[in-house]
Amino acid sequence: MKRTMNAKPAKLAKKILLASCLAVFAAFAFNGPAVAQDANRGKEIFVRVGCYQCHGREAQGASTGPRLGPNPLPLAAFTRAIRTPRNEMPPYGVKLLSDAELADVYAFVSARPRPHELPK
């Protein structure tokens, strides 16, 4: 069977299509499906599971934990930091904090206002 000149572009197109599909899949795998996030519910969860004890009631940080918001880590990194933290923070597994609850906490942290700047 004789190969045509179009075989290489067709293979390249298939590879590009496969790479695109994998990228979309990876985005869903790391960020999860679109979840309706509720910042008010997130605040309640933030307090219920004790995040405020180290990170302050408004996620502004305290002497025992860093500031979380506004502009937190991307959701995938935030989730990883909650599930498998470094240092002294305890891990919050899915049994203690579901993915939906974690998304709500993320919405709460993301919605925090920027700190006020002192006049110069």
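What counts as what
- Residues numbered from 1 in each chain as written.
- Predicted model: local features only at pLDDT ≥ 70, side-chain atom pairs only at ≥ 80, totals over all residues.
- Heavy atoms only, no water.
- Helix = DSSP H or I, 4+ residues; strand = E, 2+ residues; numbered from the N terminus.
- Buried < 20%, exposed > 50% of the residue type's maximum accessible area, 1.4 Å probe, protein only.
- Areas by Shrake-Rupley, 256 points an atom, 1.4 Å probe, with all protein chains shown as cover.
- Salt bridge = Lys/Arg side-chain N within 4 Å of Asp/Glu carboxyl O.
- Axes fitted to C-alpha atoms, helices over the stretch in contact; angles between N-to-C directions.
- Left-handed = near helix turned anticlockwise from the far one by under 90°.
- Contact = heavy atoms within 4.5 Å.
- Nonpolar A, V, L, I, M, F, W, Y, C, P; charged D, E, K, R; others polar.

Asker: Before we go on, may I ask you to explain the overall build of the protein in this structure?
Answerer: What the protein contains, in helices and strands, is five helices and zero strands. Secondary structure of the protein in N-to-C order comes out as α-α-α-α-α. The proportion of buried residues among the 120 residues of the protein is 25%. In the structure as shown, the protein presents an accessible area of about 9,300 Å², 62% of it carried by carbon and sulfur atoms.

Asker: Explanation requested: the pattern of salt bridges in the structure shown.
Answerer: Where charged atoms of side chains with opposite charge meet at close range, the side chains can pair. In the structure shown here, the tally under the stated rule is six salt bridges. Here Glu101 and Arg48 are joined by a salt bridge, their closest N and O atoms 3.1 Å apart. Of the two residues, Glu101 is situated in helix H5 (residues 99-110) and Arg48 in helix H2 (residues 39-48); the sequence distance between them amounts to 53 residues. The class of Arg48 is exposed, set by a relative accessible area of 52%. Within the structure, one salt-bridge network assembled from shared partners comprises Asp38, Arg41 and Asp104.

Asker: Whenever I open this one, the packing of helix H4 (residues 75-83) against H5 confuses me. Can you help?
Answerer: For any two helices packed against each other, one specifies the inter-axial angle together with the distance between the axes. For the pair H4 and H5, interaxial distance at closest approach is 11 Å and the crossing angle is 115°. Crossing of H4 over H5 shows right-handed handedness. Facing H4, whose interface residues are Leu75, Phe78, Thr79, Ile82 and Arg83, H5 presents Asp99, Leu102, Val105, Tyr106 and Val109. Considering only residue class, the contact of H4 with H5 consists of seven nonpolar, one polar and two charged.

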